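# Structural overview for review
Listed below, chain by chain, are the residues.
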Amino acid sequence: MTLQPWVRREERIIADTSIFQVRSVLARSPRTGEDRWLSVVTTGDWINVIALTDDGHVVLVRQFRHGTREFTLEIPGGLIDPGETPAQAGARELREESGYAGGEPVSLGVVNPNPAFINNRCHTVLIEGCRRVGDPQPDGGEDIETELRPLSTIPQAIASGEIDHALVICAFWWLAQARPGRFVAAP
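The paragraphs below set out a description of the structure included in this document. Just so it is clear, the structure is predicted and the values come from calculations on it, not from any experiment.

Moving on, we get to helix α3 (residues 166-178). Given a rise of 1.5 Å per residue, 13 residues ought to cover 18 Å, and the 19 Å separating the end C-alpha atoms of α3 matches this to within 8%. Every buried residue belonging to α3 is among L167, V168, A171, F172 and L175, and all of these are buried. One face of α3 carries all of its buried residues, which in axial projection span an arc of 145°. On its buried side, α3 packs onto β4 (46-53), β5 (57-65), β6 (70-74), β9 (106-111), β10 (122-132) and α2 (154-159).

On to the pattern of salt bridges. Per the counting criterion, the structure on display carries 16 salt bridges. Where R28 meets D35, a salt bridge forms, and the shortest distance between an N and an O atom there is 2.9 Å. We classify R28 as partly exposed; its relative accessible area is 31%. A salt bridge links E162 to R149, with the nearest nitrogen and oxygen atoms 2.6 Å apart. Residue E162 is located in the loop between α2 and α3, and its partner R149 is located in strand β11 (residues 144-150); the two are separated by 13 residues in the primary sequence.

As defined by bridge partners, β5 adjoins β6 across five bridges and the pair is classed as antiparallel. Bridging from a neighbouring strand, V61 pairs with E74 of β6. In this structure, the hairpin formed by β5 and β6 is closed by a connection of four residues, where R69 is found at a positive phi of approximately 60°.

Tallying each qualifying case throughout the model produces two aromatic pairs. Ring geometry for W173 versus W174: centroids 5.2 Å apart, planes at 70°, classification edge-to-face.

Strand pairing in a sheet is mediated by backbone hydrogen bonds. Such pairs are either parallel or antiparallel. Read from one edge to the other, the open sheet built from three strands follows the order β1-β2-β3, with strand pairing classed as antiparallel. The outermost strands of the open sheet, each flanked by one partner alone, are β1 (7-16) and β3 (35-42). Neighbour to neighbour, the strand axes of the sheet diverge by 25° on average, direction disregarded. In the sheet, β1 pairs with strand β2 (residues 21-28) via eight bridges, with the strands oriented antiparallel.

With respect to the helices, strands and loops of the structure, S98 is situated in helix α1 (residues 86-98). Considered as a pair, S98 and R132 are 34 residues apart in the sequence and their alpha carbons are 8.0 Å apart. S98 has contacts with V59, V61, E93, R132, P136 and T146, leaving out every residue within four places of it along the chain. Polar contacts involving the side chain of S98 include one to the main-chain carbonyl oxygen of L94, which spans 2.6 Å.

So, about the nonpolar core. Membership of the largest hydrophobic core comes to 16 residues, with the highest contact counts inside it found for I50 and F172. The set of elements that each furnish at least two residues to this core consists of β4, β5, α2 and α3. It is α3 that contributes the most residues to this core, four residues altogether. In this structure, I47, Y100, V125 and C130 belong to the second largest nonpolar core, which totals 11 residues.

Calculation criteria
The numbering scheme is per chain: residues are counted from 1 as the chain's sequence reads. Local features in this predicted model are restricted to residues of pLDDT 70 or higher, and side-chain atom pairs are both shown and tallied only at a pLDDT of 80 or more, whereas totals for entire chains, interfaces and linings draw on every residue. The basis for the side-chain values is all heavy atoms of the structure; hydrogens and waters are excluded. Numbered from the N terminus, helices here are DSSP runs of H or I no shorter than four residues, and strands are runs of E no shorter than two. Expected span of a helix: the number of residues minus one, times 1.5 Å. Exposure categories follow from relative accessible area, calculated using a 1.4 Å probe and restricted to protein chains: below 20% of the type maximum is buried, above 50% is exposed, and the middle band is partly exposed. Each C-beta atom gives one direction from the helix axis, and the arc is the one those directions make. Should any heavy atoms of two residues lie within 4.5 Å, those residues are counted as being in contact. Think of a salt bridge as a Lys or Arg side-chain nitrogen and an Asp or Glu carboxyl oxygen that are within 4 Å of each other. For two strands to count as paired, DSSP must find a minimum of two bridges between them. Aromatic pairing here means that ring centres of Phe, Tyr or Trp (its six-membered ring) are within 6.5 Å. Orientation follows from the plane angle: under 30 degrees is stacked, over 60 is edge-to-face, and everything else is tilted. Under this scheme, a helix contributes an axis fitted over its contacting stretch, all axes are lines through C-alpha atoms, and angles between N-to-C directions fall in the 0 to 180 degree range. We define a polar contact as two N or O atoms separated by no more than 3.5 Å, with the added condition that, inside protein, one atom must be a possible hydrogen donor and the other a possible acceptor, whereas residues neighbouring each other in sequence contribute only through side-chain atom pairs. Residue types Ala, Val, Leu, Ile, Met, Phe, Trp, Tyr and Cys, when buried and joined through side-chain atoms within 4.5 Å, form a set referred to as a nonpolar core.

Have a look at this one:
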């Protein structure tokens, strides 16, 4: 049997927030012919930024996350605005969240955060030669502290659970693939 896509027959917006919509979708299974109601979250694509200084440090941000009700250690990132490229969004998010800027953003990779029910993609860019150019300018929903860490300490921060955001870990995996030897394995 060859897999076939499900056919969407009906769609309703259940919730419309500032950053995503929740849709109820009636779709027909090509295998069984049965209709099922499914939940789908639609949102714009996201950007993650690995920002490196000339002396080998990573620009990280610490912020409170409402989903887990905890502070997390992450890399700068956010929604890609309409009309922006991932590179433009990466440079903007880095500047806004950390006060840092650097060279031209280089694409490292793209993933689907959870294709089971979310429609978007998360892009990761690398910006090297970063330096502080001003104060952070987070939006009204963000309280952020900037932190610099040696790149060599990131595998241990991931292994210990200090960095536990799945898309941030994925971004560092992209970096490890693009720049073999820049990381050392966590002890």
